[in-house]
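Residues per chain are reported as follows:
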Amino acid sequence: QVAVMNINGLLTKVIFDHNPKNEFFVEESFPLDWMYPYLTPSGIIMKINRQPLPSLTEDILSRDHQFWKQFSKRLTGDIIDYDTPVKQITDWIEKTYLRYNFNGFTGDRKFVHDDDAQKSFSKLRSSIGGVYAWRLSPQCPPEYRPKSNEEYQRLLKETDFAFRQAFAFCPYSPEAVFRYAQLLLQFQRFDEALLVAETCLKLDPYNGQVRGLMESVKTYKKQTAGIE
């Protein structure tokens, strides 16, 4: 799969470079590394800008935030904001997806029963979160990382928000779970990472990858505690 997507990455770069007058947009299936510096949110998909962006401006982040705040009302209801605790989200997931308790539910009940829709919109939101997370990661070249603490905190806040929404859209999605858990681990938020994994297993109890993730989080938490 990795080899095939590397070839796809080369092909798309050739197409992009040889058509400078065309606009390009992408619905990500598998992350293509060369695209990361060029990508900005464009509704539920992403635009491949003609030139790489040194940073994601406050305006770009704000427009994406407001778009998904409104869009999520059609799916789950407006249940997530910057300060929504992970525990509150997992409680909502258990209530809605496991017990089908729709008391106070303001989303679309059809969405709760539609696995394909849950996976699709979670994937779309997770992909945007992945673009944000890349700029916060050690793998990101310095020229594309946040240039100030204010910019860093703003981007981190939007990354967390995007991954929380992706998780709420489809809490049994391995991509949503692993991407969010990776962000939480990066900032040593071990208990929240465990909560995300545990909630996923309640909906998909035979997922060995997520069980492995839980064990890794527990081990990393013990190691970190030992260092401290």
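Report follows, based on the coordinates. Each chain carries its own residue numbering, running from 1 in the direction its sequence is written. Thresholds applied to this predicted model are a pLDDT of at least 70 for local features of residues and 80 or more for the giving and counting of side-chain atom pairs; totals over whole chains, interfaces and linings are not thresholded and use all residues. As a rule here, side-chain values cover all heavy atoms of the structure and leave hydrogens and water aside.

### Describing the overall build of the protein chain
- Counting from the N terminus, the helices are DSSP H or I runs at least four residues long and the strands are E runs at least two residues long. Of regular secondary structure, the protein chain possesses nine helices and three strands.
- Throughout, the radius of gyration refers to the C-alpha atoms, and the reference size of a globule is 2.2 Å times the residue count to the power 0.38. Rg of the C-alpha trace for the protein chain: 18 Å, near the compact-globule value of 17 Å for 228 residues, within the 12% margin.
- With the principal axes as the frame, the protein chain shows a C-alpha extent of 50 × 50 × 40 Å.
- Here the term buried applies to any residue with accessible area under 20% of the maximum for its type, exposed to any over 50%, and partly exposed to those in between, with areas from a 1.4 Å probe on protein chains only. Taken across its 228 residues, the protein chain has 47% of its residues classed as buried.
- Every residue pair with non-hydrogen atoms within 4.5 Å of one another is taken to be in contact. Pairs at least 24 apart in sequence give 61% of the contacts found in the protein chain among residues at least 6 apart.
- Surface accessibility in these figures is a Shrake-Rupley result with a 1.4 Å probe; residues are shielded only by whichever protein chains are displayed. Of the roughly 12000 Å² of accessible surface on the protein chain, 53% is carried by carbon and sulfur atoms.
- None of His or the chain ends enter the tally, which takes Lys and Arg as positive and Asp and Glu as negative. Where a charge sits is defined by one atom per residue type, namely NZ (Lys), CZ (Arg), CG (Asp) or CD (Glu). The averaged location of the 29 negative side-chain charges in the protein chain is 1 Å from the averaged location of its 29 positive side-chain charges.

### Focus: helix H5 (residues 115-136)
- The span expected for a helix works out to 1.5 Å for each residue beyond the first. Taking 1.5 Å of rise per residue, the 22 residues of H5 would be expected to cover 32 Å, and the 31 Å separating its terminal C-alpha atoms lies within 8% of that figure.
- Counting buried residues along H5, 17 of its 22 residues qualify, which places the element largely inside the surrounding structure.
- Distance and chemistry together define a polar contact, namely a pair of N or O atoms within 3.5 Å, with one atom able to donate a hydrogen and the other to accept it when in protein, and with adjacent residues in sequence counting only for side-chain atoms on both sides. The N-capping residue of H5, defined by a side-chain oxygen 3.2 Å from the backbone nitrogen of Asp116, is Asp114.

### Some points on the packing of helix H7 (residues 174-186) against helix H8 (residues 190-203)
- Contact pair H7 / H8: the axes reach a minimum separation of 8 Å and the direction vectors enclose 165 degrees. Taken together, the axes of H7 and H8 lie roughly antiparallel to each other. Crossing angle aside, the handedness with which H7 passes H8 is left-handed. Here H7 contributes Val177, Tyr180, Ala181, Leu184 and Leu185 to the contact with H8, which in turn contributes Phe190, Glu192, Ala193, Val196 and Cys200.
- Three classes are used, and their members are as follows: Ala, Val, Leu, Ile, Met, Phe, Trp, Tyr, Cys and Pro are nonpolar, Asp, Glu, Lys and Arg are charged, and the others, Gly among them, are polar. Tallied by class, residues from the contact of H7 with H8 come to nine nonpolar, no polar and one charged. For helices, the axis comes from a line fit to the C-alpha atoms of the stretch in contact; other axes are also lines fit to C-alpha atoms, and the angle between any two N-to-C directions lies between 0 and 180 degrees. For classification, angles of less than 35 degrees are called roughly parallel, those exceeding 145 degrees roughly antiparallel, those between 65 and 115 degrees roughly perpendicular, and all remaining angles oblique. With the far helix as reference, a near helix turned anticlockwise by less than a right angle produces a left-handed crossing, and one turned clockwise produces a right-handed crossing.

### Some words on the environment of Lys119
- With respect to the helices and strands, the residue Lys119 is situated in helix H5.
- Once the C-alpha coordinates of Lys119 and Phe167 are considered, the two residues, 48 residues apart in sequence, prove to be 9.9 Å apart.
- Apart from the residues lying within four places of it in its own chain, the contact partners of Lys119 are Cys170 and Tyr172.

### With respect to the pairing of strand S2 (residues 39-42)
- Any two strands with at least two DSSP bridges between them are considered paired. One ladder, built from four bridges, connects S2 with strand S3 (residues 45-48); its direction is antiparallel. Across the sheet, residue Ser42 finds its bridge partner in S3, namely Ile45.
- The turn joining S2 and S3, which pair antiparallel and follow one another in sequence, is formed by two residues; a positive phi near 70 degrees is taken by Gly43.

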